[in-house]
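Residue-level structure breakdown
So you can see what is in the structure, the chains are spelled out below.
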Amino acid sequence: MKLAKTTLFISLLFIFSLTTSCIVSNSKENTFVEKTFNQEDYDNVRGAILDYVEALYLVDSTRIIKSVDPKLRKVGYYFNPEKKEYIDNLEMTHQQLVRLAARWNSDFDQADENSPKEIEIFDVNSKTASAKLTAVWGIDLFHLAKVDNTWKIVNVIWQSQPELEY
């Protein structure tokens, strides 16, 4: 009788432990909290990135001046199809970006109205934000800051897409 009670007690303890661990495990998996954004800030972050890409597509350097902080830090990785490798650490200043926007698509042979400009916003806080742009030249990843109540792009890291898989 004592052995039966002990076996029952151990069995119930095992079932309780298993059930509890499953509940705890499921509750950890379901604790993902969807980030909510201030809609005005979200829209302004998106607008800054849209200004950036459309400045280049539409040859309008004033949109770079509007959306990019003068202290910009931009670095990139261009895929050279002839060498089948990336050229690393291509740096660009704010002024170089302004000049590029004034001429890059001046013959409208680099981008057109069908060129991609997919914007993904990852995070928007009260002073900082992060996002991704997929454009005709490749991928740009952004850090933005709210400067004088205006969202500005302060960091960009980009890479072109390889034309060939290797």
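What comes next concerns the included structure. (Residues numbered from 1 in each chain as written. Predicted model: local features only at pLDDT ≥ 70, side-chain atom pairs only at ≥ 80, totals over all residues. Heavy atoms only, no water.)

**Examining helix α4 (residues 94-101)**
One turn of the α-helix equals 3.6 residues, which is why residues spaced by three or four share an orientation. His94, Leu97, Val98, Leu100 and Ala101 are the residues of α4 that are buried. In a view along the axis of α4, the buried residues occupy a sector of 165°, so they form one face of it. Next to the buried residues of α4 lie α2 (39-57), α3 (62-67), β1 (68-80) and β2 (85-92). (Buried < 20%, exposed > 50% of the residue type's maximum accessible area, 1.4 Å probe, protein only. Helix = DSSP H or I, 4+ residues; strand = E, 2+ residues; numbered from the N terminus. Arc of directions from axis to C-beta. Contact = heavy atoms within 4.5 Å.)

**With respect to the sheet that holds β1**
The six strands lie next to each other as β2-β1-β6-β5-β4-β3, forming an open sheet whose pairing is mixed. In the strand order of this sheet, the two ends are held by β2 and β3 (117-124), each with one partner. Taking each pair of neighbouring strands and ignoring which way they run, the sheet shows an average axis angle of 20°. Packing of α2 onto the sheet brings it into contact with β1, β3, β4 (128-135), β5 (138-147) and β6 (150-159), and relative to β3 it is tilted by some 145°. Its contacts with the sheet place α4 against β1 and β2, and it is angled at close to 70° to β1. (Pairing = 2+ DSSP bridges. Axes fitted to C-alpha atoms, helices over the stretch in contact; angles between N-to-C directions.)

**Re the side chain of aspartate 140**
Mapped onto the secondary structure, aspartate 140 falls in strand β5. Put simply, aspartate 140 is tucked away with no salt bridge, and the nearest opposite charge, on lysine 74, sits 4.5 Å away. For aspartate 140, the side chain forms a polar contact with the side chain of tyrosine 52, separated by 2.6 Å. When sequence neighbours within four positions are dropped, the list of residues in contact with aspartate 140 reads Tyr52, Ala131, Lys132, Leu133, Val156, Ile157 and Trp158. (Lys, Arg positive; Asp, Glu negative; His and termini not counted. Salt bridge = Lys/Arg side-chain N within 4 Å of Asp/Glu carboxyl O. Polar contact = N/O pair within 3.5 Å; in protein donor to acceptor, adjacent residues only side chain to side chain.)

**Focus on the pattern of salt bridges**
Applying the stated rule across the entire model yields seven salt bridges. A salt bridge links aspartate 41 to lysine 146; its shortest N-O distance comes to 2.9 Å. Residue aspartate 41 is located in helix α2, and its partner lysine 146 is located in strand β5; the two are separated by 105 residues in the primary sequence. Accessibility assignment for this pair places aspartate 41 and lysine 146 in one class, buried. Several salt bridges converge on common partners, so that one network encompasses Asp51, Glu54, Arg63, Lys66 and Lys117.

**Description of the nonpolar core**
Tyr52, Leu133 and Leu144 are the most contacted members of the largest nonpolar core, which totals 29 residues. Looking at this core, the elements with two or more residues in it are α2, β1, α4, β3, β4, β5 and β6. Considering each element in turn, this core owes the most residues, eight residues, to α2. Discounting residues that sit within four places of it in the chain, tyrosine 52 has contacts with Ile64, Ser67, Val68, Lys74, Leu97, Leu133, Trp137, Asp140, Phe142, Ile153 and Val156. (Core = buried A, V, L, I, M, F, W, Y, C linked by side-chain atoms within 4.5 Å.)

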